[in-house]
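# Summary of structural features
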Amino acid sequence: MTPMVKAEGVHKSYGSAHILRGIDLEVAPREVFCLVGPSGSGKSTFLRCINHLEKINAGRLSVDGHLVGYRQKGDKLYELKDSEVAAQRRDIGMVFQRFNLFPHMTALANVMEAPIQVKGETKAVARERAERLLDRVGLADKAGNYPSQLSGGQQQRVAIARALAMEPKLMLFDEPTSALDPELVGDVLDVMRGLAEDGMTMIVVTHEMGFAREVGDSLVFMDGGVVVESGHPRDVLTNPQHDRTKSFLSKVL
Ligand SMILES: Nc1ncnc2c1ncn2[C@@H]1O[C@H](COP(=O)(O)OP(=O)(O)OP(=O)(O)O)[C@@H](O)[C@H]1O
Ligand SMILES: [Mg+2]
């Protein structure tokens, strides 16, 4: 089976700062892959490499069997054109800590926007899907609200619906609940749990270890730009093998 994401020796530097120092990992289709680690360890950088918002400096990174940003001919790599990169990115949904909704658009319009602009869908088709997705994230009654008229948790659920509107094959979540008041976290995690049950492949950067344990299929602990330890969430969380993992978990559990 082709892995949904495969990283082999992935390196990324910003100037002289060597951030990712050889990441090797595989995410299977339908897997919920949790990524944890201290601030600055490179989690967001890695997600950004997966959808080619950043270019890697060495190694190989592929999504669903296709190299990210490159085409291989023989043993040579050729950079994809911007339009080809955009096409690759269309299959990957990304949800950020800050929801980044369009402030001047209603929840419904936010969810309709990309399929119309990027895929050239008709308004009627986009609207029907947007209504269905807002219903799925529990916000059918808020379709006409602007972001400023929604709680943080509601905005984040709209952001998830917006990403799903492009019918991605992979969803990347970068600390989707860490900007939320504690009482709003549960609804967002419930939506993510539902997605997982429906078989969506997800990489989730999170400090919600309860979610990782219950919903995650695997958990990777990253520190200093390398994978320190990985395994089934229950095993890593209850029986970490490395001191760095133990020390990190003692702070977040
Ligand atoms: N565009 C950039 N230019 C220069 N340095 C950057 C850039 N983006 C990230 N970095 C640096 O790369 C390192 C890793 O950052 P990254 O955001 O990937 O960490 P993280 O694991 O997501 O941390 P956090 O848990 O705080 O979100 C940090 O030291 C950061 O300062
Ligand atoms: Mg980050």
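Residues numbered from 1 in each chain as written. Chains lettered and ligands numbered in written order. Predicted model: local features only at pLDDT ≥ 70, side-chain atom pairs only at ≥ 80, totals over all residues. Heavy atoms only, no water.

## Topic: the side chain of Glu54
Here Glu54 shows up in the loop between helix H1 (43–50) and strand E4 (58–63). For Glu54, the side chain forms a polar contact with the side chain of Tyr14, separated by 3.4 Å. Only 3.1 Å separates the side chain of Glu54 from the side chain of Arg48, close enough to count as a polar contact. (Helix = DSSP H or I, 4+ residues; strand = E, 2+ residues; numbered from the N terminus. Polar contact = N/O pair within 3.5 Å; in protein donor to acceptor, adjacent residues only side chain to side chain.)

## Quick notes on the nonpolar core
If you look at the biggest cluster of nonpolar residues, it comprises 49 residues, and the most contacted ones within it are Leu134, Ile160, Met171, Phe173, Met192 and Met202. In terms of residues, this core owes the most to one element, helix H6 (residues 182–197), which gives 7 residues. If sequence neighbours within four positions are ignored, Met192 has contacts with Ile160, Phe173, Pro176, Met202, Val204 and Phe211. Val10, Leu35, Val68 and Val220 belong to the second-largest nonpolar core, a separate cluster that totals 26 residues. (Core = buried A, V, L, I, M, F, W, Y, C linked by side-chain atoms within 4.5 Å. Buried < 20%, exposed > 50% of the residue type's maximum accessible area, 1.4 Å probe, protein only. Contact = heavy atoms within 4.5 Å.)

## Here we look at the pairing of strand E8 (residues 92–95)
Residues of E8 alternate between two faces, with Ile92 and Met94 on one and Gly93 and Val95 on the opposite face, all of them buried. Pairing of E8 with strand E9 (residues 170–174) involves 4 bridges; the strand directions are parallel. In the strand pairing of E9, Gly93 is matched with Met171. (Pairing = 2+ DSSP bridges.)

## Some remarks on the environment of Val27
Examined against the element boundaries, Val27 turns out to sit in strand E2 (residues 17–27). On the basis of relative accessibility, which here comes to 0%, the residue Val27 falls in the buried class. For the pair Val27 and Lys55, spaced 28 residues apart in the sequence, the C-alpha separation amounts to 20 Å. Discounting chain neighbours no more than four positions away, the residues touching Val27 are Pro3, Met4, Val5, Phe33, Thr201 and Ile203.

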